[in-house]
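Each chain, letter by letter, is given below.
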Number of protein chains: 4
Amino acid sequence: MPKALAQANDTVLLISEDGKKFYTKLISGHRQHTHQGIIDHDALIGQPLGRKLTSTTGHSFIVVEPSLAELMKAIKRKTQIIYPKEAGRIIFKLNIYPGRRVIEAGSGSGALTIALARFVSPAGRVYSYELRREMLVNAQNNVEKAGLSDFVEFKQRDIYDGFDETEVDAVFLDVREPWDYLAQVKAALKQSGFFGAIVPTTNQVSELLKALKAHDFGGMEIEENFLRSYKPVPNRLRPRDIMVGHTGYLIFARNVEPGAFPEPRSRRREPDNLGT
Amino acid sequence: MPKALAQANDTVLLISEDGKKFYTKLISGHRQHTHQGIIDHDALIGQPLGRKLTSTTGHSFIVVEPSLAELMKAIKRKTQIIYPKEAGRIIFKLNIYPGRRVIEAGSGSGALTIALARFVSPAGRVYSYELRREMLVNAQNNVEKAGLSDFVEFKQRDIYDGFDETEVDAVFLDVREPWDYLAQVKAALKQSGFFGAIVPTTNQVSELLKALKAHDFGGMEIEENFLRSYKPVPNRLRPRDIMVGHTGYLIFARNVEPGAFPEPRSRRREPDNLGT
Amino acid sequence: MPKALAQANDTVLLISEDGKKFYTKLISGHRQHTHQGIIDHDALIGQPLGRKLTSTTGHSFIVVEPSLAELMKAIKRKTQIIYPKEAGRIIFKLNIYPGRRVIEAGSGSGALTIALARFVSPAGRVYSYELRREMLVNAQNNVEKAGLSDFVEFKQRDIYDGFDETEVDAVFLDVREPWDYLAQVKAALKQSGFFGAIVPTTNQVSELLKALKAHDFGGMEIEENFLRSYKPVPNRLRPRDIMVGHTGYLIFARNVEPGAFPEPRSRRREPDNLGT
Amino acid sequence: MPKALAQANDTVLLISEDGKKFYTKLISGHRQHTHQGIIDHDALIGQPLGRKLTSTTGHSFIVVEPSLAELMKAIKRKTQIIYPKEAGRIIFKLNIYPGRRVIEAGSGSGALTIALARFVSPAGRVYSYELRREMLVNAQNNVEKAGLSDFVEFKQRDIYDGFDETEVDAVFLDVREPWDYLAQVKAALKQSGFFGAIVPTTNQVSELLKALKAHDFGGMEIEENFLRSYKPVPNRLRPRDIMVGHTGYLIFARNVEPGAFPEPRSRRREPDNLGT
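Residues numbered from 1 in each chain as written. Chains lettered and ligands numbered in written order. Predicted model: local features only at pLDDT ≥ 70, side-chain atom pairs only at ≥ 80, totals over all residues. Heavy atoms only, no water.

Asks: Quick question: what am I supposed to make of the pattern of salt bridges here?
Replies: When their charged atoms lie close together, side chains carrying opposite charge are able to pair. If you walk through the whole model with that rule in mind, you get 77 salt bridges over all chains. Of the charged contacts in the structure, one is a salt bridge between E223(B) and R89(B), with a shortest N-O distance of 2.7 Å. Here E223(B), found in strand 12 (residues 217–231), pairs with R89(B), found in helix 2 (residues 84–93); they are 134 residues apart in sequence, far enough to count as distant. For the pair formed by E223(B) and R89(B), the shared burial category is buried. Across the salt bridge formed by R228(C) and E224(D), the nearest N and O atoms sit 3.4 Å from each other. Of this pair, R228(C) sits in strand 12 (residues 217–231) while E224(D) sits in strand 12 (residues 217–231), placing the two residues on different chains. A residue is classified by how much of its surface remains accessible, and E224(D), at 2% relative accessible area, is buried. Several salt bridges share partner residues, and in doing so they unite E65(A), R100(B), D169(B) and K190(B) into one network. (Salt bridge = Lys/Arg side-chain N within 4 Å of Asp/Glu carboxyl O. Helix = DSSP H or I, 4+ residues; strand = E, 2+ residues; numbered from the N terminus. Buried < 20%, exposed > 50% of the residue type's maximum accessible area, 1.4 Å probe, protein only.)

Asks: Explain the sheet that holds strand 1 (residues 11–16) of chain B here, please?
Replies: Strand pairing in a sheet takes place through backbone hydrogen bonds and is either antiparallel or parallel in direction. Residues and elements named next belong to chain B. In space, the 4 strands of this open sheet follow the order 2-1-6-5, with antiparallel pairing throughout. The open sheet is flanked by strand 2 (21–25) and strand 5 (51–54), the only strands paired with a single partner. Adjacent strand axes in the sheet meet at a mean angle of 30 degrees, parallel and antiparallel pairs treated alike. Where strand 1 lies against strand 2, 5 bridges are found, and the strand directions are antiparallel. Each residue of the ladder has a partner; that of V12, found in strand 2, is T24. (Pairing = 2+ DSSP bridges. Axes fitted to C-alpha atoms, helices over the stretch in contact; angles between N-to-C directions.)

Asks: Could you clarify how one ought to interpret the interface of chain C and chain D in this entry?
Replies: A common way to state how big an interface is: give the accessible area lost once the parts meet. Each side of the interface is counted separately: chain C has 94 residues, and chain D has 94 residues. Counting each side, the surface lost to burial between chain C and chain D is near 8500 Å², with a carbon and sulfur contribution of 58%. Taken together, the links from chain C to chain D amount to 8 salt bridges. Here E70(C) and R254(D) are joined by a salt bridge, their closest N and O atoms 3.5 Å apart. Where chain C touches chain D, the interface holds 37 residue pairs in polar contact (both at pLDDT 80 or more). For the side of chain C that touches chain D, the leading source of residues is strand 12 of chain C, giving 11 residues. Partitioned by chemical class, the residues of the side of chain C that touches chain D number 45 nonpolar, 19 polar and 30 charged. In this structure, strand 12 of chain C lies alongside strand 12 of chain D, joined through 9 bridges in antiparallel fashion. (Contact = heavy atoms within 4.5 Å. Buried area = accessible area lost by both parts, 1.4 Å probe. Polar contact = N/O pair within 3.5 Å; in protein donor to acceptor, adjacent residues only side chain to side chain. Nonpolar A, V, L, I, M, F, W, Y, C, P; charged D, E, K, R; others polar.)

Asks: Looking at this model, I keep getting lost on the packing of helix 2 of chain B against helix 3 (residues 111–120) of chain B. Mind explaining?
Replies: Packed helices, taken two at a time, are described by the angle between their axes plus the distance between the axes. Residues and elements named next belong to chain B. Between helix 2 and helix 3, whose axes approach to 10 Å, the crossing angle comes to 40 degrees. Compared by their axis directions, helix 2 and helix 3 come out oblique. Relative to helix 3, the crossing made by helix 2 is right-handed. Taking contact as the criterion, the partners of A87, I90 and I91 in helix 2 are, on helix 3, L112, A115, L116 and F119. Taken together, the residues that form the contact of helix 2 with helix 3 break down as 7 nonpolar, no polar and no charged. (Parallel < 35°, antiparallel > 145°, perpendicular 65-115°, else oblique. Left-handed = near helix turned anticlockwise from the far one by under 90°.)

Asks: Please explain helix 2 (residues 84–93) of chain D as it appears in this structure.
Replies: In an α-helix there are 3.6 residues to a turn, and that puts residues three or four apart on one side. Here helix 2 of chain D lies mainly inside the structure; 10 of its 10 residues are buried. In the segment just after helix 2 of chain D, N95(D) is the residue with positive phi, at about 60 degrees.

Asks: I keep staring at the relation of the copies chain C and chain D and nothing clicks. Help me out?
Replies: The operation relating the pair of chain copies consists of a rotation about an axis and a translation along that axis. Once chain C has been moved 0.0 Å along the axis and rotated by 180 degrees, it coincides with chain D to within an RMSD of 0.0 Å. On the angle and the small slide along the axis, the relation comes out as a two-fold axis. Most of the interface of chain C is mirrored in chain D: 100% of its interface residues are interface residues there too. (Least-squares fit on C-alpha atoms with pLDDT ≥ 70 in both.)

Asks: What am I meant to see in the packing of aromatic side chains here?
Replies: Under the counting rule described, the total for this entry stands at 26 aromatic pairs over all chains. Considering the side-chain rings of Y160(C) and Y181(C), the 6.2 Å spacing of their centres and the 75 degrees angle between planes classify their relative orientation as edge-to-face. With Y160(C) in the loop between strand 9 (152–156) and strand 10 (168–173) and Y181(C) in the loop between strand 10 and helix 5 (182–188), the pair connects residues that are 21 residues apart, well separated along the chain. Take Y160(C): its relative accessible area is 52%, and that puts it in the exposed class. Measuring from ring centre to ring centre gives 5.7 Å for Y230(C) and Y249(D), while their planes differ by 90 degrees; the resulting arrangement is edge-to-face. Here Y249(D) lies in strand 15 (residues 249–255) and Y230(C) lies in strand 12, a pairing that spans two chains. Pair check on accessibility: Y230(C) and Y249(D) agree, each one buried. (Phe/Tyr/Trp six-rings, centres within 6.5 Å; stacked < 30°, edge-to-face > 60°.)

Following this line, the structure appears as structure tokens:
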């Protein structure tokens, strides 16, 4: 069976000898400039991935397909991005899958947009709202570079004015004051649909919880996710010295009939919510 | 726009007043027996979700669409399952998306199979290998109940005898001694393809790392994931008393040309691996 | 050199074959009743510790000196206790050592009282305030059983009415609304002295921070402590499945001249506060 | 009542406007040079602590008594130190208190030595062994600066040759291969006495566990400690972005009669070891 060959317009990751990662879209005739010389895209197109290659200055590079985690972290950032560790939880908790229709606001730098677009494709849609023109354009560029533009509709809009869509499967808010937009969310979200948000402070979590209750959402869940990375040395296995201590609090809720959801119980152990 | 109505063969989640969750496939004429009375499936089919309903004994239930996280945790278990928090990482790190072809071994109870099948659908395939007949049948039943059988090929096989597929995009091993099967993995995996595994002990991590190096895999990464859940009470916001302290170590690697990948550097801080 | 022998009035720990721990004060003539038979104290007094012995029903027990951590967890509880992992931090952050004078309120079950008393002895003092008679008596009994009564003065008092002491080295509050008592704390605490508190919710942390600032405290620090325990099996080394996810937030501050302490800086990394 | 005044030979902490900490021993006539001007020690001696003062260049400083945690982190380092968060655990698990006799090896930079000396004083002793002359001298200087020399005996020695002391209450090893010295530890440690060690890798934990069992130690416990620090801002309460991900694994054991200690049980939950 033939090996998978890199094609023009494919997104690839170049990794230099010193571990720097260059995320690029292969374009015939294009030359990639790096701190360790130039790589000619035509030397990559039509060739298998996973190979070593040499730059104009004699430095080694490896060219691989980027994982979604690598791709999200490689985008051009104009804001703090939603990291893959949180995006994985959002996908699973908001029940995102091929064919779903989902709203996000704001677009930010488009990291979550890329993850959402990947998993709703080919038949689903992401509706991505962003107020600030500069952010919107950057997010659009990032999504385009990832080859996912067909699955995303960007809209420059103050979401206080509401969403165009109705009966969407899920809504995710990454805005400073998510509690201000819950009526708009309710109008767009199908009954039994999934709501999610991320906020950095505990005060915001409390504020949002109050508003979710006031707007008759149910099944509220709040979580933090930690990722601990190890040095890959078999005879001296140990965690890395430093880890990310905080990215944000994730809040999830369901759009249900008022009063439908059982109240959170005060049992000491709730195995189902222990964090898995 | 019409509300989404539950259809026959849909998988739904019934939640009782006391928070118990019943995961069921709607079948005309079927009656669901619970500790709080009986629910008639015909009272659900054709009705909107997110509603409250009443059992034969007068107890309230709510019927909702299960999230993927809820669905994975609701399956019939014959083994320790891979939890959603790890499955989310696996999906992002192995670059699983609609259209991909992925091998997993063993099938276990099918929790990861369900997640993989959801995200490779509709055009991709999961090839799920399991040695033990009883496990295989249970996993098949769980995948069938989740409506995802079309996207999974189950095979009862000792994977020491190799995989049928070649040039797959990713391979994930959840077996006791993953280091024994790396030649077989290499034969099935495309160049630049993604390898992952989960093991519960540090000794296994060391053993697998050595074998991955010996088999010319590159870009090894090891991580642990923690999920910390909070009580959703706005004026007394606090984490739950108990959390899961360990599920397993995730190991990821890439199938690259021998020597292609840069060696892990000993820099104190490696921002790209800090756990996001 | 002679082995250390158990003396009458010594506090020892009996550990049964099935791992149950019995914390007891050796009293001549006393007989310890357990679920696995009776142990005669006279068989322990004058004998070395670290030995195996046999109960009336033929079950094995081991008798050892309890560590401070074991002793604190073995006391009779009428409240949630402050755990050794937090007590260790409190001792180090409040600069408790032999000869210091420290106030705590409330006494609770006396777990922290025992730790404070141990480390201020022989020349220092703990002033332990508690409003509820029943709690006070239980804490006193626990401290007495630990042989530390000489170093603690218990007082039944509503601390809203103030403390008797002045110029103490440190004050620790484990009360529901610590912000209500900061004027009283200031009156009792020496300049440059150490303040600490523990609260279970984020809302209380915010409230206390505001009040500390209003009362001209400086150098505020907030922290959480996690302890992750491993199964002691060398060839299958792994963390325990379940861990404690939350005990409380520790808040520390210093009693300084108004405006003396530098404002917290917004630098991304503050190595000195990274949690060591 | 008079305010506590700083005395000559007191150890104090100077904190600059920009949060830099200078740990110094007050000596009459000494002038402290900093990046923000000079502070005259004579301007501090005889004055109350907790005050603001001004350097020769007009910058503000605050002078406070250092906490034990601050003091340990302020010492001159020639090695990775044992951090206060681990030292607190060691003190509580090894049952260190006024009057105890404890061995540590190696001395390292003396951070743990300082904590041990503080808590065994005035009647107890720390016997601190170190092979490397340069380390020993640095540790001695650090302990002297902390005013704790009277409670520590330093010895330059390869501990493979054994310890001078017998019947000590506790032994702590911070060496690369602690398993090589367990016979020597047994010879020095009283029956029922406490053993502890810190190692950075999982491979070392496994090796030490095997050796402890072979040398008839009992009650083995392994733990990791995490400290998570928050930004002290009441209306935007949130953890710091970065935290320490790894310092070391702590191993504890007891010197008991062979076979005396119950085997670790395989119960899923062992509440007593959950990490408190």
